[in-house]
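# Observations on the model geometry
Residues per chain are reported as follows:
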Amino acid sequence: MLVKSKTGRVFELPTDEEDARIRAGIAQDPDTYELSDEDFKRLRPVGRPRAAVTKER
C-alpha cells in the first residue's frame, strides 16, 4: 500500500503478511523487542532543548 505524507513523500507500507513476518522476526531475536505504547510515552525527544530566549530577527 502506498501512502503519501503531508510533504508529498510516498511511502510503501508492508502488507499484512510482510508485517507478520517482521513481527515474528522481532519475537525470535533475543537482542531486541517491540516497544509498547507505554514505552513510547517514556521516550524523550532527541536533539537540543528549546532555548528560553531566542534571537530576534
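Everything in this summary refers to the structure shown in the same document. Given the structure is predicted, the values throughout are model-derived calculations rather than measurements.

Here we come to the overall build of the chain. A count of helical and extended segments in the chain gives two helices and two strands. Ordered by position from N to C terminus, the α and β elements of the chain give β-β-α-α. Once the C-alpha set of the chain is aligned to its principal axes, its extents read approximately 50 × 30 × 15 Å. Counting all 57 residues of the chain, 2% fall into the buried class. Here the chain has roughly 6500 Å² of accessible surface; of this, 52% comes from carbon and sulfur atoms. Side chains of the chain carry 12 positive and 12 negative charges; the gap between the two charge centres is 15 Å.

To continue, consider the pattern of salt bridges. Under the defined criterion, the tally for this structure stands at three salt bridges. Between R23 and E34 there is a salt bridge; the shortest N-O distance is 2.5 Å. Here the residue R23 occupies a position in helix α1 (residues 16-28), and E34 occupies one in the loop between α1 and α2 (37-42), the gap between them amounting to 11 residues. Overall, R23 belongs to the partly exposed group, its relative accessible area being 42%. Across the pair D39 and R42 runs a salt bridge, and its minimum N-O distance is 2.5 Å. You can see D39 and its partner R42 sitting in helix α2, three residues apart, about one turn around the helix. We classify D39 as buried; its relative accessible area is 15%.

Once that is clear, we can look at a nonpolar patch on the surface. Taken together, the side chains of M1, V3, F11 and L13 define a hydrophobic patch exposed on the protein surface, amounting to about 370 Å² of accessible area. As for its placement among the helices and strands, F11 is situated in strand β2 (residues 10-12). Its relative accessible area of 37% is what places F11 among the partly exposed residues.

Definitions and limits used
- Residues numbered from 1 in each chain as written.
- Predicted model: local features only at pLDDT ≥ 70, side-chain atom pairs only at ≥ 80, totals over all residues.
- Heavy atoms only, no water.
- Helix = DSSP H or I, 4+ residues; strand = E, 2+ residues; numbered from the N terminus.
- Buried < 20%, exposed > 50% of the residue type's maximum accessible area, 1.4 Å probe, protein only.
- Areas by Shrake-Rupley, 256 points an atom, 1.4 Å probe, with all protein chains shown as cover.
- Lys, Arg positive; Asp, Glu negative; His and termini not counted.
- Charge placed at Lys NZ, Arg CZ, Asp CG, Glu CD.
- Salt bridge = Lys/Arg side-chain N within 4 Å of Asp/Glu carboxyl O.
- Patch = residues over 30% accessible without salt bridge, like charges linked within 9 Å, V, L, I, M, F, W, Y side chains within 5 Å.

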